[in-house]
Amino acid sequence: MLLRKVTRLRLPTRHLLAQSRHCSTGGGRQGAEVDLSEVRQLLARHGGGSVELSMDDGTGLASLRLNHVEKKNALSGAMMCQLEEAVGELERWPRGRGLLLHADGDTFCSGGDLDTVRALCRPGDGGRMSAFMQSALARLSDLPLVTVAVVSGRALGGGAELTLAADFRVWSAAGQLRFVQARMGLLTGWGGGARLARLVGPRAALDLLLSCRPVGAEDALRLGLADGPVVPPDVDPLQHARQWLEARVAHDPSVVRAVKKMIVNTRGDLTDLWRKERELFDPLWGGEANRRALGENIKH
């Protein structure tokens, strides 16, 4: 059995697909094109943590692990770049059937690393970072692999948005999802607002985005944000999720990939909704409410 593992992914230097190089943004640069390669260079300056990709050619299963435990797995700028490169590796992997997205420690992901957030303070930086992460998560969502987010701890803000980019979410009893962006003077900026509304409906999405309330495993099942039974406390969530995924990708890889591509085709194009999200997000980034929240060092 051949196992390939990539740790602390190097920042990408290869030529990327045209669709991933440019993206239009709103805000102060409404309608302008964002060169994502330039955004990548900007984000790469802000290190900390790692995104680790393992791909098993024998089983066709991959693992994407967030490792920034000291920051509750918050994504630094470098981790955002590593995540995007990992997606590129998976796009080029012909044997892939499934992907597990998980994290070390007791927090799945707490969104963007505040050190990175505070450093991206120039006008338009919010829109540029938003365009980069929207592109990366759209490509993650469109992978010809069945993707499962293992929600075994808290997923906050951008971390909650990250779980929504997966096809399925398997929860442990300790799992929690919370959209805290409004408390930080922001709204979703990584494409999660549109995905949430499609998953739970506009009314429930509005409640979750404005109440900023924590969603536990049982509530997530009721809302349609969790798939399958909640993992019992005495069972390893990652192993449970792997078995859950294996049962759904046991077919020939060509069949699994074709089915996933067919489902992607039914989702419709969210590009316009994401552009509008960026246009709303960009002026809030670094705005008065956002600066006040950062100064107060709000705990969630």
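What comes next concerns the included structure. This one's a predicted model, so the numbers in the text were calculated from it and none came from an experiment.

What the rule picks out here adds up to 20 salt bridges. Aspartate 104 is paired through a salt bridge with arginine 65; the nearest N and O atoms lie 2.5 Å apart. Here the residue aspartate 104 occupies a position in the loop between strand 6 (98–103) and strand 7 (107–109), and arginine 65 occupies one in strand 5 (residues 61–67), the gap between them amounting to 39 residues. With a relative accessible area of 19%, aspartate 104 lands in the buried category. Taking relative accessible area as the criterion, arginine 65 reaches 23% and is therefore assigned partly exposed. Here arginine 122 ties to aspartate 125 by a salt bridge, and the two come within 3.4 Å at their closest N and O atoms. Three or more residues are tied together by salt bridges with common partners; here these are Arg40, Glu84, Glu91 and Arg139.

Within this structure, the stated rule accounts for two aromatic pairs. Between phenylalanine 168 and tryptophan 244, the ring centres sit 5.0 Å apart and the planes meet at 70°, which makes this aromatic pair edge-to-face. Of the two residues, phenylalanine 168 sits in strand 10 (residues 168–171) while tryptophan 244 sits in helix 10 (residues 237–246), which places them 76 residues apart along the sequence. Exposure remark for phenylalanine 168: the relative accessible area of 26% places this residue in the partly exposed category. Tryptophan 244 gets classed as buried once you look at its relative accessible area, which sits at 11%. Pairing phenylalanine 281 with tryptophan 285 gives two aromatic rings, centres 5.5 Å apart and planes at 40°, and the pair type is tilted. What makes tryptophan 285 buried here is its relative accessible area of 11%.

Turning next to helix 13 (residues 288–296). Within helix 13 the residues assigned to the buried category are Asn290, Ala293 and Leu294. An end-on view of helix 13 places all buried positions within 100° of arc, on one side of the element. Across from the buried face of helix 13, at angles greater than 90 degrees, the exposed residues are Glu288, Arg291, Gly295 and Glu296. Contacts made by the buried residues of helix 13 are with helix 4 (114–119) and helix 12 (271–284). Asparagine 297 sits one or two residues past helix 13 and shows a positive phi near 55°.

Conventions we followed
Residues numbered from 1 in each chain as written. Predicted model: local features only at pLDDT ≥ 70, side-chain atom pairs only at ≥ 80, totals over all residues. Heavy atoms only, no water. Salt bridge = Lys/Arg side-chain N within 4 Å of Asp/Glu carboxyl O. Helix = DSSP H or I, 4+ residues; strand = E, 2+ residues; numbered from the N terminus. Buried < 20%, exposed > 50% of the residue type's maximum accessible area, 1.4 Å probe, protein only. Phe/Tyr/Trp six-rings, centres within 6.5 Å; stacked < 30°, edge-to-face > 60°. Arc of directions from axis to C-beta. Contact = heavy atoms within 4.5 Å.

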